[in-house]
Amino acid sequence: MSFKILCCDGGGIRGVITALLIQDLDRSFGIVKNADGFAGTSTGGLISLGLVSNVGIDAIVDLYENEGDKIFEPNGWLLDAQARQQDRAPAQSAAELVGSGPGMFSCQYVNTGLKAVAQQLVGNGAMSSASRFVAVNSARLWDAGDNSWAPCTISNGPTNTYRDIGMVDAALATSAAPTYFPPYQVGDFGYFADGGTFANNPSMTAIVEAIYQGYAPATSDIVMLSLGTGANPVGVPPSAVPNPLSWGVTHWLWPFSNGAVPATALLNLTMDATAELAAIQARQLLGNNYMRGNVPLSQPFALDDYGNVGELVTATQGYIANSPEWAAVRSWVAQNWA
């Protein structure tokens, strides 16, 4: 008997893409009801925790479409700092002052709004209270046993170290994107950062956790549907590297795009490359039991670009209506997700 896992990538506000893809499949095939488990990273972790908490996918889509400004609540110190300048009128908002993230001298956003949204999605229950398998990824900033930071998969598995933490804590830990949101403290476990730092696509960590925790006997028993948050057309063409020796912090970590070089190139490379690698590895491991859907985007969208969420919705609707790739995903789901 197969163990069906729905996997959701990280990507901030681009989670609306994942939610819309799930909505389309759920209306036709009831994929949420028929899933045995959910796995996610960052925004995908929020979706996964919401679904395992029996929040309807329509409500999750509505959250992304209408509550972006609540999720991305600006860090007020930016406004205070500018207000102290005597030679210019203060900005009316942090977004007006510095635009979208990431933050240069402090995190761009507080997590107050994000926490309220997470509470709305998952309530006050512990991870262990989930009735189906659920796993999210996060990076623990200090593990005293190893004297180091450590990647971790937080799940409701019977032997998982973090199974008794609150779902809200899991949601904030998996989505604490560096420079965008502050590190998030989970009790005595210390501080955590976004799981996208190592597993933006949770496919491989979900396979391992499901088997290790006894939900699936072997890889041959796992059926996995992996949904992305849009394929951003970003990279560094050769013409953008006239002198490789000049590529230090100001190129790899510069918070603004510079010609063909995307903003925070290293962070974006890490998230995109690990997501693609996980898709390749999961496909090699599971073969026909693995399917992935992702919307190709015509331009890059930042994690916090909620002002353009309408464009993300339009791109996803077009993909659903016209893409042969999505037609293949639907056909696969019809055959494998009963």
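Please refer to the structure placed before this passage.
Okay, so let's go over this structure. (Residues numbered from 1 in each chain as written. Predicted model: local features only at pLDDT ≥ 70, side-chain atom pairs only at ≥ 80, totals over all residues. Heavy atoms only, no water.)

Each helix and strand counted, the chain has 15 helices and 10 strands in total. In summary, the chain has a C-alpha radius of gyration of 20 Å against a globular reference of 20 Å for 338 residues, a match within 12%. In terms of principal-axis extent, the alpha carbons of the chain reach across some 70 × 45 × 40 Å. In the chain, buried positions account for 50% of the 338 residues. The contacts in the chain between residues at least 6 apart in sequence include a share of 74% that link residues at least 24 apart. Side chains of the chain carry 14 positive and 27 negative charges; the gap between the two charge centres is 5 Å. (Helix = DSSP H or I, 4+ residues; strand = E, 2+ residues; numbered from the N terminus. Rg over C-alpha atoms; globule rule 2.2 N^0.38 Å. Buried < 20%, exposed > 50% of the residue type's maximum accessible area, 1.4 Å probe, protein only. Contact = heavy atoms within 4.5 Å. Lys, Arg positive; Asp, Glu negative; His and termini not counted. Charge placed at Lys NZ, Arg CZ, Asp CG, Glu CD.)

We now examine the packing of aromatic side chains. In this description, a pair of aromatic rings is defined by centroid distance and the angle of the planes. Throughout the structure, instances matching the rule amount to 12 aromatic pairs. Relative to Tyr109, the ring of Phe72 lies with its centre 5.2 Å away and its plane at 65°, an arrangement referred to as edge-to-face. Taken together, the positions of Phe72 in the loop between helix H5 (68–71) and strand S3 (73–74) and Tyr109 in strand S4 (residues 109–110) put the pair 37 residues apart, joining distant regions of the chain. Accessibility expressed as a relative area gives 4% for Phe72, which makes it buried. (Phe/Tyr/Trp six-rings, centres within 6.5 Å; stacked < 30°, edge-to-face > 60°.)

Moving on, we come to the nonpolar core. Counting 73 residues, the largest nonpolar core has Leu6, Ile22 and Leu225 as its most contacted members. Considering each element in turn, this core owes the most residues, seven residues, to helix H1 (residues 15–29). Sequence-distant contacts of Leu225, that is, excluding residues within four places in its chain, are made with Ile5, Leu6, Cys7, Leu25, Ile31, Met291, Val329, Trp332, Val333 and Trp337. By size, the runner-up hydrophobic cluster in this structure holds 16 residues, among which are Ala206, Ala210, Ile222 and Leu286. (Core = buried A, V, L, I, M, F, W, Y, C linked by side-chain atoms within 4.5 Å.)

Its location among the elements puts Gln120 in helix H8 (residues 112–122). The class of Gln120 is partly exposed, set by a relative accessible area of 46%. Taking C-alpha positions, Gln120 is 14 Å from Thr43, a pair spaced 77 residues apart along the chain. Look past the residues within four positions of Gln120 in its chain and what remains in contact with it is Leu63, Glu67 and Lys70.

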